[in-house]
Amino acid sequence: MASINCSAVPRLAPSFEPSVWGDFFINHTPDTLQISDEKMTERVNQLKLEVSGLFGACKNAVEKLNLVDALQHLGIDHHFEEPIAITMSSIHNAEFISSSLHEVALRFRLLRQHGFCVSADEFSKFKDEGGRFVNDITNDPKSLLSLYNAANLLTHKEGQLEEALLFSRHHLEVMQCNLESPLAEQVERALKIPLQRNVKREEAIHYIPEYSVQDEMYNAAILELAKLDFNCLQRIHQKELKAISMWSKNIFEDIKLDYARDRMVECYFWAYSCVYEEEYARSRIVLAKLLMLTSILDDTFDEHATLEECRLLAKAIERWDETDVSLLPEYLQKFFLQIISNFKEFDKLLEPHEKYRSAYIRKVFQNISKSYLQEAEWSHHDYTPSFDEQVNISVKSAGGDLVAIGALFGLGDIATKEIFKWAITNSGTVRACGEISRFMDDLADFKRGRNKIDVATTIECYMKENNVTSEVALAKIVSFVDDAWKTLNQELFERRAPLKIVKIITNFARSMMFLYHDKRDGYTNSKEVKGALESHFVKHIPI
Ligand SMILES: CC(C)=CCC/C(C)=C/COP(=O)(O)OP(=O)(O)O
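Residues numbered from 1 in each chain as written. Predicted model: local features only at pLDDT ≥ 70, side-chain atom pairs only at ≥ 80, totals over all residues.

A. Fine view of the overall build of the chain. Helix and strand counts for the chain come out as 23 helices and zero strands. A compact globule built from 543 residues should have a C-alpha radius of gyration of about 24 Å, and the chain, at 24 Å, falls within 12% of that. Taking the principal axes of the C-alpha coordinates as reference, the chain spans close to 70 × 60 × 45 Å. In the chain, buried positions account for 44% of the 543 residues. A fraction of 75% describes how many contacts in the chain between residues 6 or more apart in sequence connect residues 24 or more apart. (Helix = DSSP H or I, 4+ residues; strand = E, 2+ residues; numbered from the N terminus. Rg over C-alpha atoms; globule rule 2.2 N^0.38 Å. Buried ≥ 20, exposed ≤ 12 C-beta atoms within 10 Å, placed from the backbone. Contact = placed C-beta atoms within 7 Å.)

B. Spatial organisation of the site of the ligand. Contacts to the ligand come from 14 residues, most closely from Leu291, Thr294, Ser295, Asp298 and Gly399. When contributions to the shell around the ligand are tallied by element, the ones reaching two or more residues are helix H12 (281-304), helix H17 (400-409) and helix H19 (428-448). Among the residues making up the shell around the ligand, the classes are represented as five nonpolar, five polar and four charged. (Near = placed C-beta within 6 Å. Nonpolar A, V, L, I, M, F, W, Y, C, P; charged D, E, K, R; others polar.)

C. Broad picture of the nonpolar core. Ranked by size, the top nonpolar core spans 144 residues in total, and within it Tyr268, Ala271, Ile405 and Ala407 carry the most contacts. Each of domain 1 (38-226) and domain 2 (256-537) accounts for three or more of the residues forming this core. Excluding its chain neighbours within four sequence positions, the residues that come into contact with Ile405 are Tyr360, Ile361, Val364, Phe420, Ala423 and Ile424. (Core = buried A, V, L, I, M, F, W, Y, C linked by C-beta atoms within 7 Å. Domains from an automatic or database assignment.)

D. Geometry of the domain arrangement of the chain. We note that the domain assignment places domain 1 (38-226) and domain 2 (256-537) within the chain. The C-alpha-based centres of domain 1 and domain 2 are spaced at 31 Å. Those elements that place two or more of their residues in the side of domain 1 that touches domain 2 are helix H5 (101-113) and helix H9 (200-210). Top element by residues in the side of domain 1 that touches domain 2 is H9. It accounts for three residues.

E. View of the confidence of the model for the chain. Here the chain shows a mean pLDDT of 93. Residues at 70 or above account for 96%. Low confidence marks residues 1-13, where pLDDT is under 50. Its contacts with residues over four positions away, or in another chain, come to 23 contacts. On the interface metric, ipTM, the complex scores 0.97, and its pTM is 0.95. (pLDDT = per-residue confidence, 0-100.)

F. Summary view of the environment of Val403. Along the polypeptide, Val403 turns up in helix H17. Separated by 132 residues in the primary sequence, Val403 and Ala271 place their C-alpha atoms 8.3 Å from one another. Ignoring anything within four residues of it in the chain, the contact list for Val403 reads Cys274, Leu287, Cys433 and Phe508.

G. Geometry of the packing of helix H2 (residues 37-57) against helix H10 (residues 220-255). Close contact between H2 and H10 brings their axes to 9 Å; oriented N to C, the two are set at 140°. Looking at the two axes, H2 sits oblique to H10. Crossing angle aside, the handedness with which H2 passes H10 is left-handed. Together, Asp37, Met40, Thr41, Arg43, Val44, Leu47, Lys48, Glu50 and Val51 of H2 and Ala221, Ile222, Glu224, Leu225, Leu228, Asp229, Asn231, Cys232 and Arg235 of H10 make up the contact between the two elements. For the contact of H2 with H10, the per-class residue count stands at nine nonpolar, two polar and seven charged. (Axes fitted to C-alpha atoms, helices over the stretch in contact; angles between N-to-C directions. Parallel < 35°, antiparallel > 145°, perpendicular 65-115°, else oblique. Left-handed = near helix turned anticlockwise from the far one by under 90°.)

Structure (structure tokens):
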């Protein structure tokens, strides 16, 4: 790397938009619903019992599949994890004969989603002798959508599923404008972000009003449960948002780093996308706070500090000693002290037997700080790394292990010491989430055309190294996102960690697909996602 004295070069920081939420959640009074919170919870418990009974009442495998599918789309499967696991295992073990593409594809997708590796040969019977899908399925949009959703569970080197994906996507695109509601909306959603890649709660918000008597397993209790459960959970999320918005307001008032993005609600959304269930409040809150602190750190390195200041900050974070505060420039001192004191608060949330987790969360924060420093070194020296060098560092700075450990930190006993070791040693799941995070972020950066003052992105490095146009580089990066999804799908059957944990971590990749799809940066330009976030956190579902 060329050695020039650039440590004192001031950064010409772009100014970020203020928070689109301001004090909204601090002052927010939730809508008055027709029923009190207590009554709502009581009714949810009754309905859970009623819906549990439906598993035993299913007459055959197809009914069971339709039931599990409905519960997943409606976002209430978290209440039925055990019966669903038993059901899927029994379906996996039993013979299944069906000439319906929809049924075969539904079974295939659900089994893979639940960690059973079913072969792509299941679809052979819908193909002609040349191995091409037979033409009569092209007039059957429901089956095509099921095939498309199933094929999105493909892993590496599954050419048959690759073809199924292209085939179903093509025909769905062709027939899209002639479809009726709600299939038209379901196809539109899946083409934008495939079901397997989207934030689960997002699907629930859209599917609840679509679920009707036309559904195979329509049941009034299921629908009532989905609506009430959504509203109950939303109440909890609103209370958390109020508290965390106060926390963030105090932090920003204290540290006075006006150059940093104030994105508490978006950080909370990130955490909620990973773990939205009531019992995971501790995990959600710690993760949301961790992301907010990391975001301020990122802006300090990328947008504001001189190189010398970056080095001092990274060193202080590495040493993790409050008495080092005087070595930092004055404007960063309060931020540093906030980091240390918040991590102490995180530690206080742990039970005695969980205390080992504090070392992990500190480690991932120190690691991300190191990768931010490396990027700052490159950027201040106008150095364009090789593509591999860049991916190596920037996948780390994209936060896969930070989010994984941040989410695990507050989970219960399911998160064992072995799981923490697995997550921090670059497991396939965590690495693939980091790749998706990095590539989606860089695709959005490139489209925005923002002349980022931080390091050249993976796209620019790819273009330079391979001497290709931006179109070629962008297509390549999109293919890397697809590859990382194949790894995540594969990880579902590898069973290196409990499925629940793999799913929670994979949810981080889903949040990236949602916030950054269509090459937008919904985190930085949060007005682009404000409407969507209102559906999650402000608007209740009419009963
Ligand atoms: C998932 C994580 C770590 C979230 C914390 C907030 C954050 C750094 C967002 C990405 O911002 P960016 O687009 O400026 O990131 P980068 O500078 O890494 O490109």
